[in-house]
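Below, each chain spelled out in residue letters.
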Amino acid sequence: MRVSGRNARFQQWEALLRNRAKRQRRGEFLVQGVRPIAMAVEHDWEVRELLYDAEAQMSGWARKVLDTVRAETFAVSRELMHELGGKADTVPELLAVVASRADDLSRIPAGPTMNVVVFDRPTSPGNIGTLVRSADALGASGVIVTGHAADVYDPKAVRASTGSLFALPVVRVPAYQAVLSWVADVRAAGVGIGVVGTDEHGALDVAEYDFTRPTLTLIGNETTGLSVGWRAACDQLVRIPMSGAASSLNAAAAGTVVLYESARQRRAAPVAPRQR
């Protein structure tokens, strides 16, 4: 099907870019960029529609995606692809409409090596995407976004994750109580998961906390930090030592520091001997 004007179909795609309510109602979102689209395909997300530049000579990668992915395809005019592409200076050769996944905490694997990050009420979709990317790179088991927060499927979040959104379970939960109920179930199953929050006034430096145990790490809102409910749920609050003039780090940057410390400790931990 060819789309060369701002018809109803184009308006649906445009709404996926700009309207969170419509993304949620339709259960899908628009994916921009070679790596995010490739990661969505690689990790078996449901690709519902593929849009390609009707006036461009397609690359081998784009042709392969169009030939192998079972999805409805649309030849879209260059002008409209530019509007949907999200960049002022380039026209994407391919865009994808992808189905979102269920916000179910069971998607996050529970066990003795689990290392889960909670982002409490983030306001910036870019920060969500950056933290998801760091969590993926540094071996986390999943990311949970709680409370009234930016949308994990916002185009800025998807782009900032550089495709890691498709490789790592990312779950939205309206209130912290549901996460604590899940933590209680994990503990009841025999996994001694600790809940550690980040705070500039934490009692321990981050390197003093034992991240080799199963851990739920909490990162607070960019402005107000952790909510009262999450603070009360913490087994421990940790701080990142600061030596310069800055009093704090960006939330996603702070989360990355903590994730790196967790990965460092886990790499350095002695391997348990095999039972004979």
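On a predicted model such as this, the values are computed, not experimentally measured, just so you know.

Engineer: Help me out: how do you make sense of the sheet that holds strand 1 (residues 2-3) in this one?
Structural biologist: In a beta sheet, neighbouring strands are held together by backbone hydrogen bonds and run either parallel or antiparallel to one another. In spatial order, the strands read 1-4-3-5-2; together these five strands make up an open sheet with mixed pairing. Where the open sheet ends on each side, the last strands, each with one partner, are strand 1 and strand 2 (28-32). Looking at chain direction, strand 2 and strand 5 (residues 94-99) are connected through five bridges and run antiparallel. Note that in strand 5 the partner of L30 across the bridge is V97. Lying over the sheet, helix 1 (residues 8-18) contacts strand 1, strand 2, strand 3 (47-53), strand 4 (72-76) and strand 5, oriented at roughly 85 degrees with respect to strand 2.

Engineer: Teacher, can you tell me more about the layout of surface pockets here?
Structural biologist: Remark: the empty space left among the atoms is shown by a probe the size of a water molecule rolled over them. Space inside the second largest pocket adds up to approximately 250 Å³. In this structure, the second largest pocket is lined by 16 residues; those nearest its centre are Q32, G33, V34, K87 and P92. For the lining of the second largest pocket, the elements supplying multiple residues, two or more each, are helix 3 (34-42) and strand 5. The element best represented in the lining of the second largest pocket is helix 3, accounting for three residues. Its residues assigned to classes, the lining of the second largest pocket comprises eight nonpolar, five polar and three charged.

Engineer: Explain the packing of aromatic side chains here, please?
Structural biologist: Centre distance and the angle of the planes are the two values used to describe a pair of aromatic rings. In total, this model carries seven aromatic pairs according to the counting rule given. Arranged with centres 4.9 Å apart and planes meeting at 65 degrees, the rings of Y209 and F211 form a pair that is edge-to-face. Y209 sits in the buried class, given a relative accessible area of 8%. By relative accessible area, F211 is classed as buried at 0%. A connected cluster of aromatic rings, assembled from ring pairs, spans F29, W45, Y153 and F166.

Engineer: Is there a simple way to explain the side chain of R172 in this structure?
Structural biologist: Its place among the elements puts R172 in strand 8 (residues 170-173). Residue classification places R172 among the buried residues on the basis of a relative accessible area of 17%. At a separation of 3.0 Å, a polar atom in the side chain of R172 contacts the side chain of D151. With sequence-adjacent residues up to four places away left out, R172 is seen in contact with Q24, D103, V145, D151, V152 and Y153.

Rules behind the numbers
- Residues numbered from 1 in each chain as written.
- Predicted model: local features only at pLDDT ≥ 70, side-chain atom pairs only at ≥ 80, totals over all residues.
- Heavy atoms only, no water.
- Pairing = 2+ DSSP bridges.
- Helix = DSSP H or I, 4+ residues; strand = E, 2+ residues; numbered from the N terminus.
- Contact = heavy atoms within 4.5 Å.
- Axes fitted to C-alpha atoms, helices over the stretch in contact; angles between N-to-C directions.
- 1 Å grid on protein atoms, 1.4 Å probe; cavity = no way out; pocket = protein on both sides within 12 Å on 5 of 7 lines; lining within 4 Å.
- Points joined across faces, edges and corners; volume = space filled by probe spheres on them.
- Nonpolar A, V, L, I, M, F, W, Y, C, P; charged D, E, K, R; others polar.
- Phe/Tyr/Trp six-rings, centres within 6.5 Å; stacked < 30°, edge-to-face > 60°.
- Buried < 20%, exposed > 50% of the residue type's maximum accessible area, 1.4 Å probe, protein only.
- Polar contact = N/O pair within 3.5 Å; in protein donor to acceptor, adjacent residues only side chain to side chain.

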